[in-house]
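Notes for the structure review
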Amino acid sequence: MNMNRFAVAAVCLLSLTGAGVAQRALGATANNPATPFKDTSLLKPPAGSKVAIVEWEDLECPACSHAFPLVHSAIKQYNIPLVRYDFPLKMHIWSHDAAVIARYIQDKVSSDLATEYRREVFASQYSIASKDDLHSFTVKFFNTAHKQFPFVVDPTGQFTKEVDAEEAMGERAGLQHTPTIVVVTDHKGWTEILNTDNLYQAIDEAIAATKNEGPEPTVHKTAAHK
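Nothing here was measured: the structure is a model prediction, and the numbers come from that model.

Points about the packing of helix α2 (residues 95-108) against helix α4 (residues 131-144)
Axis separation between α2 and α4 bottoms out at 11 Å; the angle between their running directions is 20°. In terms of orientation, α2 lies roughly parallel with respect to α4. Here α2 and α4 pass one another in a crossing that is right-handed. Counting all contacts with α2, which are made through Asp97, Ala98, Ile101, Tyr104 and Ile105, the residues of α4 involved are Lys131, Leu134, Thr138, Phe141 and Phe142. In terms of residue class, the contact of α2 with α4 is made up of seven nonpolar, one polar and two charged.

Written as structure tokens, this is what we have:
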């Protein structure tokens, strides 16, 4: 979620990434500018994949809630991986705790149930106003899933460290808003998505680019936000 949500001035900018490669921002707004990435080393698909989506999300972010079903529909339709990182904003009350719980479910129960937990948290955002609300919601979620909710979710601090490490990676990368969604390829560059309406187009272009033969210049661009 961007800090200045109501600015509407259209801008076009050209910046340099940490690797010294030009990043194009097309039709970005003052409210939702292109991310001035300082470190682009994470903007790549997993080994063996040509195209993927890399996303940083905050479970308390309304824009992330909107993007979640669209991103997950896209990875299912195109059969491409999603590389998801947690980036809980410090301004949010319970998002860090929710990320830790999601990580517990992913590591100790199942990755599918962790995805479902994230989906349900997003769908219930406006009924969760405090950490106590989050706890009540989570207990109910576990009961519905017929799972035992642990007395202490993170006794060793392992999951907190994992979330904190991803938050630190996001800060090093230069993230300024959530969600930060990037369609990446194995060798043909990446496209940041500031408007989810552009997501499928960006994936189509990325897939087409990986099929083209011969050397091509690497182009980095940011899809326009409406």
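Digging into helix α1 (residues 62-78)
Residues spaced three or four apart along an α-helix face the same direction, because each turn holds 3.6 residues. Given a rise of 1.5 Å per residue, 17 residues ought to cover 24 Å, and the 25 Å separating the end C-alpha atoms of α1 matches this to within 8%. Most pronounced at phenylalanine 68, the bend in α1 amounts to some 30°, and the proline proline 69 follows within four residues. By the burial criterion, the buried members of α1 are Cys64, Ser65, Ala67, Phe68, Val71, His72, Ala74, Ile75 and Tyr78. Taken together, the buried residues of α1 touch β3 (51-57), β4 (82-86), α3 (111-123), β5 (180-185) and α6 (199-211). Note on α1: the residue one or two positions beyond its end, asparagine 79, has a positive phi of about 55°.

Observations concerning α4
Helix length check: α4, at 14 residues, gives a terminal C-alpha distance of 20 Å against a target of 20 Å (1.5 Å per residue), a fit within 8%. Among all positions of α4, only Leu134, Phe137, Thr138, Phe141 and Phe142 are buried. The buried residues of α4 all sit within an arc of 135° when viewed along its axis, so they share a single face. Away from its buried face by more than 90 degrees, α4 exposes Asp132, Lys140, Asn143 and Thr144.

Some points on the packing of aromatic side chains
As enumerated under the stated definition, the model contains 10 aromatic pairs in all. Arranged with centres 5.3 Å apart and planes meeting at 50°, the rings of phenylalanine 68 and phenylalanine 122 form a pair that is tilted. Of the two residues, phenylalanine 68 is situated in helix α1 and phenylalanine 122 in helix α3; the sequence distance between them amounts to 54 residues. Phenylalanine 122 carries the same exposure label as phenylalanine 68, and that label is buried. Among the aromatic side chains, those forming a connected cluster through ring pairs are Tyr104, Tyr117, Phe137, Phe141, Phe142, Phe149 and Phe159.

Some points on unusual backbone geometry
Residues threonine 178 and proline 179 are joined by a peptide bond in cis, for which omega reads -10°. As for its placement among the helices and strands, proline 179 is situated in the loop between α5 (158-173) and β5. Residues other than glycine seldom take positive phi values, yet asparagine 79 does so here, at roughly 55°. Along the chain, asparagine 79 turns up in the loop between α1 and β4.

Section: the state of the cysteines
Tallying each qualifying case throughout the model produces zero disulfides. Counting only cysteine sulfurs, cysteine 64 is the nearest neighbor of cysteine 61, a cysteine outside any disulfide, at a range of 3.2 Å. On the basis of relative accessible area, cysteine 64 is assigned to the buried category, the value being 0%.

Topic: the pairing of β3
The buried count for β3 comes to seven of seven residues, which makes it a mostly enclosed element. Of the two faces of β3, the one lined by Val51, Ile53, Glu55 and Glu57 and the one lined by Ala52, Val54 and Trp56 are each fully buried. Relative to β4, β3 runs parallel, the two sharing five bridges. Each residue of the ladder has a partner; that of glutamate 55, found in β4, is arginine 84. As for the winding sense of the linkage, the β-α-β connection from β3 through α1 to β4 is right-handed.

Some thoughts on the pattern of salt bridges
The final tally for this structure, using the stated rule, is 12 salt bridges. Residues aspartate 86 and arginine 84 are paired through a salt bridge, measuring 3.9 Å at the closest nitrogen-oxygen approach. In this structure aspartate 86 comes out as buried when scored by relative accessible area, which is 1%. Shared partners join several salt bridges into a network, and the residues in it are Glu57, Arg84, Asp86, Arg103, Arg118, Glu162 and Glu166.

Definitions and limits used
Residues numbered from 1 in each chain as written. Predicted model: local features only at pLDDT ≥ 70, side-chain atom pairs only at ≥ 80, totals over all residues. Heavy atoms only, no water. Axes fitted to C-alpha atoms, helices over the stretch in contact; angles between N-to-C directions. Helix = DSSP H or I, 4+ residues; strand = E, 2+ residues; numbered from the N terminus. Parallel < 35°, antiparallel > 145°, perpendicular 65-115°, else oblique. Left-handed = near helix turned anticlockwise from the far one by under 90°. Contact = heavy atoms within 4.5 Å. Nonpolar A, V, L, I, M, F, W, Y, C, P; charged D, E, K, R; others polar. Expected span 1.5 Å × (residues − 1). Bend = angle between axes of the 7 residues up to and from the residue. Buried < 20%, exposed > 50% of the residue type's maximum accessible area, 1.4 Å probe, protein only. Arc of directions from axis to C-beta. Phe/Tyr/Trp six-rings, centres within 6.5 Å; stacked < 30°, edge-to-face > 60°. Disulfide = S-S within 2.5 Å. Pairing = 2+ DSSP bridges. Right-handed = clockwise from strand over helix to strand, strands pointing away. Salt bridge = Lys/Arg side-chain N within 4 Å of Asp/Glu carboxyl O.

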